[in-house]
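Inside the fold
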Amino acid sequence: MDKKSFAAIAALAKEEAGLVLPEGKMTMVQSRLRKRLLATGQANYDSYYRFVSSADGASERRLMISALTTNVSHFFRESHHFDMLRTKVVPLLLQKARNGQRVRIWSAGCSSGQEPYSISMCLHEAAPELTSRDVLILGTDIDPAILEKAEAATYNDQQVSGIPNEMRSKYLEPDGRGQHRVNAEIKRIVRFRELNLLRDWPMKGQFDAIFCRNVVIYFDAATQASLWPRFRQHITKEGWIFLGHSERISDSALHLFEPNGMTAYRAAGSGSSAIKKD
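Figured I'd write up the structure that's included with this text. (Residues numbered from 1 in each chain as written. Predicted model: local features only at pLDDT ≥ 70, side-chain atom pairs only at ≥ 80, totals over all residues. Heavy atoms only, no water.)

Remarks on the pattern of salt bridges
Applying the stated criterion across every chain, the model contains 16 salt bridges. In this structure, the salt-bridge partner of E60 is R36, at a minimum N-O distance of 2.8 Å. Residue E60 is found in helix α4 (residues 58-68), and its partner R36 is found in helix α2 (residues 26-40); the two are separated by 24 residues along the sequence. On the basis of relative accessibility, which here comes to 4%, the residue E60 falls in the buried class. R36 sits in the buried class, given a relative accessible area of 18%. For D134, the salt bridge is made with R104, and the minimal N-O distance between the two is 3.0 Å. Residue D134 is located in the loop between α7 (128-131) and β2 (135-141), and its partner R104 is located in strand β1 (residues 103-108); the two are separated by 30 residues in the primary sequence. What makes R104 buried here is its relative accessible area of 14%. Salt bridges here are not isolated pairs; linked through shared partners, they connect E16, R61 and R199. (Salt bridge = Lys/Arg side-chain N within 4 Å of Asp/Glu carboxyl O. Helix = DSSP H or I, 4+ residues; strand = E, 2+ residues; numbered from the N terminus. Buried < 20%, exposed > 50% of the residue type's maximum accessible area, 1.4 Å probe, protein only.)

Here's what the structure looks like:
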């Protein structure tokens, strides 16, 4: 891969998915796209770029982005957010559900599903009553291949090591060969959909909490700044948004959110902990 081909592919990845690929990532990009060259019968990266940027390469662009996307996830990753979900958010959501309102949580950039399933386990543990009401956890990701793994909900011993033992025995079904499947009770309130954050968001209604952790770090400042108002439009007046440990809401959007814990924010003006109808 020469610098010209890399620059062209990097520009396309940014246009399609907001991915920022500095020149220092050239070796990584070359390695990850090598299989795509073979699969498409392209002789080199220059011809691959010409193909993937053409009208005939529309479906291949999705596969290219899939190959370039980093999919790293763990159950109960950054556990302080789940502590906040259990102690601060769930009581409000339970009150809301008892008032006949729906409860919606969005895991944006859900990768192979550990985050939305962790959220579901947390709700089942903290407020079993809530999970029998109108509650749904939406997991979205740009990568269709990783969403298939999320739907399968099967993980190995290492992948489930972050789940507390008592929860592991309640919510996982081991197969005796080192694989563990998330049970139907946890899966029932989780749905997965393919979504590119840079494109249209077709979801109707708003979310009570959004987990968008370790996602926007791959975008440049301008792209991040464009996303915060969209997130605000999709959370309720009392809603929360949780970010990754190295992520912060842009200064230009701080009037939309109020810090409320470590890399956690609430809608600006949410004030008291009382749930209001939107």
